[in-house]
Amino acid sequence: MPLHHRPRRWSGLTLVAVLLLLATALHTVKHALDHNSGDMLWSLIGITLAGLVMSLALLREGLSTDRARAEAEAAEARAVEAHRRLTEAIEAIDEGFALFDADDRLVQCNARYRKICAPFGPVEPGVRFEDLIRRGVALGHFPESGDGADRWIAARLDHHRNPGGPMLQPMGDGRWFKIDERRTSDGGYVGLRTDITELKRREEELALKSDLLEATLAAMTQGLVVWSADGHFLACNKRLLSILELPESLMRPGLTLQDWAHHLAERGEFGSGDPDELTAQRLALMEPAASNRSERVRPNGRVLEITAGRMRDRSVLMTYTDITEHRRAEAQLRLAKEEAERASRAKSGFLRTISHEIRTPMNGVLGMLGLLLDGRLGEEQRRYAQTARESAEALLALLNDLLDISKMEAGRLTLDQTPFTLVDVVESVVELQAARAHAKGIDLACCVPAGLPERLIGDCGRLRQVLLNLVGNAVKFTDRGGATVTVSLAEGTAPKAGDTVRLRFEVADSGIGVPDGARGDLFTEFAEIHPGLARRDGGAGLGLAISKRLVEMMGGAIGCDSATEGATEGTEAAAAEGGSRFWFTLPLRVDGAVTGTGGALAGRRVLLLEPNPLTRRALARQIHSWGAEVHAPQDSDELPSGSDVALVSGVTDPALEELLARLRAAGARRIVRMAVPQRGDVALADTGPGLDAVLAKPVRQARLLEALGGPAPRPAPGAEAAEAPTDASPGQGSGQGRRILLVEDSPTNQMVAALMLRGAGYRVDIAGNGIEAIEAVTAARYDLILMDISMPEMDGLMATQILRGMPPPTGTVPIVAMTADAMDSDRDRCLAAGMDDHVAKPVDRTRLLGTVARWLADGEAPARDAPAQDPPAQDPPKAAPPAPDSEALDAEVLNQLMRDLNPEILADVIREFVEETLARAERIAGTWNDLGILAREAHTLKSTASTFGARALSAAARALEAACRNNAVGEVESLCRDIPRLTREAVEAYRIRGYLSPSG
């Protein structure tokens, strides 16, 4: 409590002394007065001195009292400050603090204690500890009290009054407290309460994790052991004991890694040998820098995988996994894989064998059926022959599909990135399918709008194959209306040279469509959405599956919608007609500068009269892309005036004259008619009165643009030459029944040359070698002989010499050499043998027919010193075939063949060539040690490969023939190994470029 100033109090002894002094002084004065004594002065002096002494004593005592009082006040202040600090310290601690006196009443506590006990009621000084406990029990704050509350309270009070150490107290609200109580010297109690709720929670989590770890270790299929950094045993699970068949007594504290390894070595776990050496070797493997893995086989044959790794404290964790079943399964899988690969190779071999065994005779059947259909047949006979041809084509298409699927599954299908012209690819596909479409009475059209890149880089062969599949299906499943192919930019803006553009190809038709529930199966193998039609029209359901794989290989996507879904400009007509819409997108790189004909018809007004909605829409979009204003009514009842050009289709001759008159009256300055070739309603070569031009359907873009009055599109750089008119070929239709003997050992060359000659009106007989030629000449009279040079049994030179030794007219019949040897020395050799002229292979239709026509003109022979000159050829190099990066096929040769032959016949002839070449390549690979036979085979291969544009293969055959004649054995062996590979590459090139039969 604070100190205050108090009045000074004299001590009792001082007061007694003062009183005695006063009494003595009074007595002395009284005595002096009473006795009138002269000693009174001295008495007063003595009294005065005694008073002074007394005063000094009193003064000293006062000073001493003041000093004592000041010290007492200072001590009291220090005590008050210490009490304040103690109180603040008690309040500052996180634990609850309480002080009880000897009667167990609360003397002092801090705020933390009051907060802890607040749920029990007011916590004020003087409250008894027992009251606090009972109130807490009554309120349910001590779950341990349970039903025996009195017993629990008694035990709690006993621990409080006789504390034996800390205790843990759970509370009803989930908290935990550590209670530590101590007795004081005056019989009181001091208690501390620490909140350990978070500690208990962590302990519980740790206990749970520990239990989980124990359960995990017990349930592990792996054996586990932990060694300390100094190599002493720490822990293991039971699985380790089971895997290694160890006794539990072995894995005890104090066991060292070396003792454990030595025990295993003695049991033969590490193989035979000295246990000490084996232990040392194993310990070296068990010292991982970070971690390692090893395998070993136990004596009982079980295979163990052992891993060892150091943890942060440098202890070593080792796991043992029994992988016996895994290794056994791997071995079984390896055997199964090898068996599957053998089966796959056997399947591929079987497919190749079946392909060869079926395709070879089937090509002959197709060729003969083609020739049969070219002749005069009755209606019923023609129907039978056509049915047989379609069945054979379906069988070949199935074989092609199976071979493609097999190659895809084997991962041997590759992509060829080459430049190509977009319009040419699309138009070639449409033209290949045009004959089938026109036979069914449906239209085909394509639209490649101006503004798209002309030249692109990609796999044009695979692109053509996908388009052939989709267009072929559209024709197959469409009986009314038609189909169109439309190309557009899928995304992005106008492309520049070197850009990669994504083009969208759409094939829309007005056929039977695709049911909604069947779209998910469209692109799976052997899926038949319309089984009845598939049986009627042929096809095994592989075409779309192949197309999907090809498109995805090229980085694109493919899909199908009904014509009413997502129709874009150019396909709305399909929506009106029903049908389906197949689409795919491809990324392609632009090759060269982007040029086009976007404004070729700017300012022109074009009237389009086309009854077929699909064709009308495609043509309108194409013409509009050239800048023209297009009016395309659905019928010709009302004709607008002021059109610059009228484009009409689907009008028969009786109504054509009236329509032409109406168009002229409406102001049309130019009228162009579109018609289907090989129909009796129009002759395409004759425009007729009132017409300015006649175009054959499907209309080519270049011809359409020219017919509408625009400039002919400039060929893209590197593009193929424009198609030449077939009626310009000399000698066409001029054979007049003249008889020609064709002497050629290659069936493919026989077919090609015979088709060209018969198409010109000649009668053609075929001989396979010189002996057969002599026999044929002696049996019949021929107007001309076309003679190959290198043939088996008797070559052309020997046969010519024999024929020249015969009497006229046999000995004087004109003989024209037809061989791949195109050098001047070869020509001189032919002339020296008695031949009259020379035609180089590959055979060009125009040159062949021109040469034949000259020698048969009016029966007069031209001068032998002025034969038709072929381009001079250089001496064949002795080097190997062309570099692998050169193109396998010569596009110009193939384009010329397409101009010379009907596309369907060309496909048959190429199939025949492929089968013949595959067989010849096998013979070459197996007979390289007989240079004479090998030279003849190489010569024939050189000729046939050149005829069909197999440039790399022809060059290799030429080099092989030269090597055989020069007896260069080492070069012969190398080339014989190359020929089969180049043959396969050529066959693949034909297939991916679409020259073989398209998939159905």
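Residues numbered from 1 in each chain as written. Predicted model: local features only at pLDDT ≥ 70, side-chain atom pairs only at ≥ 80, totals over all residues. Heavy atoms only, no water.

- Per an unreviewed UniProt entry, the recorded name for the chain is histidine kinase, and the organism is Azospirillum rugosum.

### A few points about the UniProt feature "modified residue: 4-aspartylphosphate" (unreviewed entry) in the chain
Turning to step 1, where the next piece is worked out: In the numbering used here, UniProt assigns the feature "modified residue: 4-aspartylphosphate" (unreviewed entry) to D788.
Turning to step 2, where the next piece is worked out: For D788, a relative accessible area of 1% gives the class buried. (UniProt positions renumbered as here; feature names shortened; annotations may be inferred. Buried < 20%, exposed > 50% of the residue type's maximum accessible area, 1.4 Å probe, protein only.)

### With respect to the side chain of S547
Turning to step 1, where the next piece is worked out: Positionally, S547 belongs in helix α15 (residues 543–553).
Turning to step 2, where the next piece is worked out: Side chain to side chain, S547 and N469 meet in a polar contact 3.0 Å long. (Helix = DSSP H or I, 4+ residues; strand = E, 2+ residues; numbered from the N terminus. Polar contact = N/O pair within 3.5 Å; in protein donor to acceptor, adjacent residues only side chain to side chain.)

### Brief notes about a nonpolar patch on the surface
Turning to step 1, where the next piece is worked out: A grouping of I45, L49 and L52 is seen on the molecular surface, where their side chains present a nonpolar patch of about 270 Å² in accessible area.
Turning to step 2, where the next piece is worked out: Relative to the elements of secondary structure, L52 occurs in helix α2 (residues 40–92). (Patch = residues over 30% accessible without salt bridge, like charges linked within 9 Å, V, L, I, M, F, W, Y side chains within 5 Å. Areas by Shrake-Rupley, 256 points an atom, 1.4 Å probe, with all protein chains shown as cover. Salt bridge = Lys/Arg side-chain N within 4 Å of Asp/Glu carboxyl O.)

### Some thoughts on the UniProt feature "coiled-coil region" (unreviewed entry) in the chain
Turning to step 1, where the next piece is worked out: The sites that UniProt annotates as "coiled-coil region" (unreviewed entry) are residues 60–92.
Turning to step 2, where the next piece is worked out: Segment residues 60–92 splits into 100% helix and 0% strand. End C-alpha atoms: 48 Å apart.

### Details of the packing of helix α28 (residues 951–965) against helix α29 (residues 969–992)
Turning to step 1, where the next piece is worked out: Two elements in contact, α28 and α29, have axes separated by 10 Å at closest approach and are oriented at 160°. Classified by the interaxial angle, the pair formed by α28 and α29 is roughly antiparallel. Here α28 and α29 pass one another in a crossing that is left-handed. Between α28 and α29, the residues in contact are A952, L953, A956, A957, A959, L960, A963 and C964 and E971, V972, L975, C976, I979, L982 and T983, respectively.
Turning to step 2, where the next piece is worked out: Tallied by class, residues from the contact of α28 with α29 come to 13 nonpolar, one polar and one charged. (Axes fitted to C-alpha atoms, helices over the stretch in contact; angles between N-to-C directions. Parallel < 35°, antiparallel > 145°, perpendicular 65-115°, else oblique. Left-handed = near helix turned anticlockwise from the far one by under 90°. Contact = heavy atoms within 4.5 Å. Nonpolar A, V, L, I, M, F, W, Y, C, P; charged D, E, K, R; others polar.)

### Notes on the sheet that holds strand β2 (residues 106–109)
Turning to step 1, where the next piece is worked out: Sheet architecture is open: five strands sit in the order β2-β1-β5-β4-β3, paired in antiparallel fashion. Edge strands, defined here as strands with exactly one partner in the open sheet, are β2 and β3 (167–170). The mean angle between the axes of side-by-side strands here comes to 25°, regardless of whether they run parallel or antiparallel.
Turning to step 2, where the next piece is worked out: Taken together, the three bridges between strand β1 (residues 96–100) and β2 define a ladder with antiparallel strand orientation. Looking across to β2, one finds that F100 is bridged to L106. (Pairing = 2+ DSSP bridges.)

### Structural notes on a negative patch on the surface
Turning to step 1, where the next piece is worked out: A surface patch of like charges, here negative, comprises E266, D274, D276 and E277.
Turning to step 2, where the next piece is worked out: With respect to the helices and strands, E266 occurs in helix α8 (residues 257–266). (Lys, Arg positive; Asp, Glu negative; His and termini not counted. Charge placed at Lys NZ, Arg CZ, Asp CG, Glu CD.)

### Regarding the environment of V485
Turning to step 1, where the next piece is worked out: Following the sequence through the fold, V485 ends up in strand β14 (residues 482–489).
Turning to step 2, where the next piece is worked out: Under the relative-accessibility criterion, V485 is labelled buried at 2%.
Turning to step 3, where the next piece is worked out: In the structure, V485 is positioned 98 residues away from W583 in sequence and 9.6 Å away in space, judged by C-alpha atoms.
Turning to step 4, where the next piece is worked out: Residue contacts for V485: discarding those within four places in its chain leaves V426, V430, A445, C446, C447, L467, V471, E506 and V507.

### Focus: the packing of aromatic side chains
Turning to step 1, where the next piece is worked out: Under the criterion given, the structure shown has nine aromatic pairs.
Turning to step 2, where the next piece is worked out: The interplanar angle of 85° and the centroid separation of 5.5 Å between the aromatic rings of F100 and F129 together place this pair among those described as edge-to-face. Here F129 lies in helix α4 (residues 129–138) and F100 lies in strand β1, a separation of 29 residues in the sequence.
Turning to step 3, where the next piece is worked out: Here F100 falls in the buried class, since its relative accessible area comes to 3%.
Turning to step 4, where the next piece is worked out: Judged by its relative accessible area of 1%, F129 falls in the buried class.
Turning to step 5, where the next piece is worked out: Centroid distance F913 to Y990: 5.9 Å. Interplanar angle 85°. Geometry classified as edge-to-face. With a gap of 77 residues between them, F913 in helix α26 (residues 903–926) and Y990 in helix α29 connect regions that are remote in the sequence. Grouping residues by exposure puts F913 and Y990 together as buried.
Turning to step 6, where the next piece is worked out: Seen from the ring of W176, K200 lies directly overhead, with NZ or CZ sitting 4.4 Å from the centre. (Phe/Tyr/Trp six-rings, centres within 6.5 Å; stacked < 30°, edge-to-face > 60°. Lys NZ or Arg CZ within 6 Å of the ring centre and 35° of its normal.)

### A look at the pairing of strand β4 (residues 176–183)
Turning to step 1, where the next piece is worked out: Two strands pair when backbone bridges link them, and β3 and β4 are joined in this way by four bridges, in the antiparallel orientation. When the bridges of β4 are listed, Q169 appears paired with F177.
Turning to step 2, where the next piece is worked out: In this antiparallel pair of consecutive strands, β3 and β4, the connection spans five residues, and G174 shows a positive phi of 95°.
Turning to step 3, where the next piece is worked out: In sequence, β4 turns back onto strand β5 (residues 189–195) through a hairpin of five residues, with G187 there showing a positive phi of about 90°.

### Some thoughts on the pattern of salt bridges
Turning to step 1, where the next piece is worked out: Taken as a whole and judged by the stated rule, the model has 54 salt bridges.
Turning to step 2, where the next piece is worked out: A salt bridge links E427 to R700, with the nearest nitrogen and oxygen atoms 2.9 Å apart. A residue pair is termed long-range when its members are at least 10 positions apart, and E427 in helix α12 (residues 422–439) and R700 in the loop between β22 (693–696) and α19 (701–707) qualify at 273 residues.
Turning to step 3, where the next piece is worked out: Residues participating in the shared-partner salt-bridge network are D104, R128, E130, D131, R134, D150 and R161.

### Remarks on the confidence of the model for the chain
As a general rule, the predicted coordinates of low-pLDDT regions are not to be interpreted in detail.
Turning to step 1, where the next piece is worked out: Per-residue confidence for the chain gives a mean pLDDT of 78; residues scoring 70 or more make up 78%.
Turning to step 2, where the next piece is worked out: Low pLDDT, under 50, characterises residues 566–576; the stretch is placed with 24 contacts to residues that sit more than four places away or in other chains.
Turning to step 3, where the next piece is worked out: Confidence over residues 715–733 falls short of pLDDT 50; this stretch has 29 contacts with residues more than four positions distant or in other chains. (pLDDT = per-residue confidence, 0-100.)

### Focus: the nonpolar core
Turning to step 1, where the next piece is worked out: L757, Y762, L786, V852, L960 and Y990 are the most contacted members of the largest nonpolar core, which totals 59 residues.
Turning to step 2, where the next piece is worked out: With nine residues, α29 is the largest single contributor of residues to this core.
Turning to step 3, where the next piece is worked out: The residues touching L757, leaving out its near neighbours within four places in the chain, are I740, Y762, V764, L786, L848, L849 and V852. (Core = buried A, V, L, I, M, F, W, Y, C linked by side-chain atoms within 4.5 Å.)

### Some remarks on the packing of α4 against helix α5 (residues 149–161)
Each pair of packed helices can be summarised by the angle the axes make with each other and by the distance between the axes.
Turning to step 1, where the next piece is worked out: Remark: α4 packs on α5, axes separated minimally by 11 Å, with the N-to-C direction vectors making an angle of 145°. For the pair α4 and α5, the crossing hand works out as right-handed. On the side of α4, the interface is formed by F129, E130, I133, R134 and V137, while α5 contributes A149, D150, W152, I153, R156, L157, H160 and R161.
Turning to step 2, where the next piece is worked out: Its residues assigned to classes, the contact of α4 with α5 shows seven nonpolar, one polar and five charged.

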